[in-house]
Amino acid sequence: MNMSMTQPVSAPSHPAVRSLQVSRISTPLTGTVAVPGDKSISHRSLMFSALAEGETRIVGLLEGEDVLRTADAMRALGARITREDDGRWHVHGCGLGALKEPADVLDMGNSGTAARLLSGLLASHGMTSVMTGDASLRRRPMKRVTDPLAATGAVFLAREGGRLPLAIQGNANPPPLNYRLPMASAQVKSAVLLAGLNAEGETRVEEPVPTRDHTENMLRHFGAKVSVEETPEGGRVIRLQGKPRLIARDITVPGDPSSAAFVLVAALLVAGSDVVITNVGLNPLRTGLFTTLREMGARLDITNERTEGGEPVGDLHVKASSLLAVDVPADRAASMIDEYPVLAVAAAYARGISRFRGVEELRVKESDRLASTVALLEKNGVRTKVDGNDLIIYGTQGAIPGGGVVETHMDHRLAMSASVLGLVAENPVEIDDTAFIDTSFPGYFPLFNSLGAGFTA
Ligand SMILES: O=C(O)C1=C[C@@H](OP(=O)(O)O)[C@@H](O)[C@H](O)C1
Ligand SMILES: C=C(OP(=O)(O)O)C(=O)O
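Everything numeric in this text was worked out from a predicted model, so none of it was measured. (Residues numbered from 1 in each chain as written. Chains lettered and ligands numbered in written order. Predicted model: local features only at pLDDT ≥ 70, side-chain atom pairs only at ≥ 80, totals over all residues.)

Details of the sheet that holds strand β20 (residues 353-356)
The criterion, for reference: Pairs of strands are assigned from DSSP output, requiring at least two bridges between the strands. The numbering of helices and of strands both runs from the N terminus, where a helix is a DSSP run of H or I of at least 4 residues and a strand a run of E of at least 2.
Here we have four strands laid out as an open sheet, ordered β19-β20-β22-β21, and mixed in their pairing. Unpaired on one side and paired on the other, β19 (327-328) and β21 (384-387) mark the two borders of the sheet. In the sheet, β19 pairs with β20 via two bridges, with the strands oriented parallel. What sits directly across from D327, in β20, is R355.

Remarks on the site of ligand 1
Note the following rule: Note on definitions: a residue is near a molecule or strand provided its C-beta atom, placed from the backbone, lies within 6 Å of it. Residues are grouped as follows: Ala, Val, Leu, Ile, Met, Phe, Trp, Tyr, Cys and Pro are nonpolar; Asp, Glu, Lys and Arg are charged; every other residue, Gly included, is polar.
Within the structure, ligand 1 sits among S40, T113, S185, A186, Q187, S190, R212, I337, D338 and E361. Among the elements that make up the shell around ligand 1, the one with the highest residue count is helix α5 (residues 186-197) (three residues). In the shell around ligand 1, the residues fall into two nonpolar, five polar and three charged.

Re the UniProt feature "binding site: 3-phosphoshikimate" (unreviewed entry) in the chain
Test applied: UniProt positions are given in the numbering used here, feature names are shortened, and annotations may be inferred rather than shown by experiment. Placing a C-beta atom from the backbone of each residue, one calls two residues in contact when those atoms lie within 7 Å.
Mapped onto the present numbering, the UniProt feature "binding site: 3-phosphoshikimate" (unreviewed entry) falls at K39, S40, R44, S185, Q187, D338 and K365. For R44, the position within the fold is in helix α1 (residues 39-51). Those residues in contact with R44 that lie beyond four places of it in its chain are H214, T215 and M218. With respect to the helices, strands and loops of the structure, D338 is situated in the loop between β19 and α9 (340-349). Here D338 is in contact with S258 and R413, once residues within four sequence places are set aside.

Notes on the UniProt feature "active site" (unreviewed entry) in the chain
Rules: Residues with at least 20 neighbouring C-beta atoms inside 10 Å of their own are called buried, those with 12 or fewer are called exposed, and the rest are partly exposed, where every C-beta is derived from the backbone.
In this numbering, the UniProt entry assigns the feature "active site" (unreviewed entry) to D338. Among the residues examined, D338 registers 22 C-beta atoms within 10 Å and is labelled buried.

Considerations on the packing of α1 against helix α3 (residues 112-123)
For the record, the criterion: Every axis corresponds to a line fitted to the C-alpha atoms, with the helix fit spanning only the stretch in contact, and the corresponding angles, defined between N-to-C directions, vary from 0 to 180 degrees. In what follows, roughly perpendicular refers to angles from 65 to 115 degrees, roughly parallel to angles under 35, roughly antiparallel to angles over 145, and oblique to any angle outside these ranges. Definitions for this section: a left-handed crossing has its near helix turned counterclockwise from the far helix by less than a right angle. A right-handed crossing has that turn clockwise.
As a packed pair, α1 and α3 sit with axes 11 Å apart at the nearest point and diverge in direction by 30°. Classified by the angle their axes make, α1 and α3 are roughly parallel. Two packed elements cross with a definite hand, and for α1 against α3 that hand is right-handed. Contacts between α1 and α3 involve S40, H43 and M47 from the former and T113, A114, L117 and L121 from the latter. Of the residues contributing to the contact of α1 with α3, the split by class is four nonpolar, three polar and no charged.

Some words on the pairing of strand β22 (residues 390-394)
Here β22 shows a buried face lined by L391 and I393 and an unburied face lined by D390, I392 and Y394. In this structure, β20 lies alongside β22, joined through four bridges in antiparallel fashion. Across the sheet, R355 pairs through a bridge with I392, a residue of β22. As judged from the four bridges shared by β21 and β22, these two strands associate in the antiparallel manner. Looking at the pairing, K385 lines up with I392 of β22. Between the antiparallel neighbours β21 and β22 lie two residues, among them G388 with a positive phi of about 65°.

Considering helix α8 (residues 288-295)
Among the residues of α8, those classed as buried are G288, L289, F290, T292 and L293. Just past α8, the residue G297 takes up positive phi, approximately 105°.

Description of the site of ligand 2
For the record, the criterion: The domain limits used here are those given by an automatic or database domain assignment.
Taken together, D66, S111, G112, T113, D338, K365, E366, R413 and S440 make up all the residues around ligand 2. Residue classes in the shell around ligand 2 are distributed as no nonpolar, four polar and five charged. Residue contributions to the shell around ligand 2 reach at least three from each of two domains, namely domain 1 (8-38 + 254-450) and domain 2 (39-251).

Points about the domain arrangement of the chain
Taken domain by domain, the chain consists of domain 1 (8-38 + 254-450) and domain 2 (39-251). Each of domain 1 and domain 2 has a C-alpha centre, and these two points are 27 Å apart. Domain 1 puts 31 residues into the contact, and the matching count from domain 2 is 34 residues. Per-class residue counts for the side of domain 1 that touches domain 2 are 13 nonpolar, ten polar and eight charged.

Structural data, given as structure tokens:
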């Protein structure tokens, strides 16, 4: 067998600043593209296969910096992870409970998902570890995971406000946790469930609003017993039987709906566009944006629906549409949490006043996304208002003035949203730094240029 293994593909250290000016285009976006693999599923596939017995092969892994950080961390914890030249990844797991103490600080870069999920594993293994991240991640709250995880007997030492760097003294024999999430967060839910893998007995997590369930689905795929029950209030109770035997199973990662969002919104706004995005993940806990855009009048068809690797996938066919304002309910936020900045661009272009309700979780992302989305729009001549935890956007009916300089604050989604806004604004838009786009969407500019975007990056 000819299997050339290129040895470790690692995340680069801090990327160099890449500023960009984006000008309006006068020709439609047309063609067919496939966006990179789902970020949430990619992180989990590396972590869980590292805990499994045997070798897992992963097809379609997102090779963005966030996921490469997870690969580096799992290597440091003892898994053997390699990549073939054709893009397939191989993970030789250590077996549950057998992670080894990392010899150095684990640097999770820009990735909240990597840091928060990993903290559940580190807390439940008898080792001492230290985790850090870049300046953005070091600003983000970790107490939301260390508070519940402290009940495992693990000891955490963090900076003021529970920020990274974080030292963790894990407990090799943790008790199972019973925890009700105070906020809608798949990262916190997953951290508690992952700590429960190495605990004897049943871990129980209750979430007030259903959040993405990739952890539950993939743990089952590897052989764990996970049950899910709806609560009368519309939430969910997840139960995990501890100490499962996790057995390596191949994984196919679908295209990331959160990445498809940028192509989708650009195609809706640029006149005459007609674009197909193939193989996009359609897990119902991720598709709030599609529902919302359709409510706005988007011409969006989903075709070729099928199940691949246990997740629903399909192709998105989108045509330029005239959009109306929308009122997005708070209970939809979890199913589209990363899509609000680019939805804000669509609302700015639409006719009428939009309201995004209950978007407080945006304040704790790579940037304070409520503030940075407001600044993105205001600097480009679009009126906004923050009313408590709601964001209000005054649509321009296709006449976004533009001409602003956008500060992205190390936030990939802000940079991509600004680039979409620039394609339809009346005056060129300056973006201070697009380098962080590589954390979730490597190949972003070439993919857009293949559709005719004419980005000069
Ligand atoms: O679990 C995950 O993979 C993610 C959960 C979300 O974060 P929260 O759990 O903080 O909402 C999302 O914003 C992030 O990009 C990925
Ligand atoms: C919030 C995000 O990611 P993370 O929390 O993993 O940094 C995101 O990708 O938009």
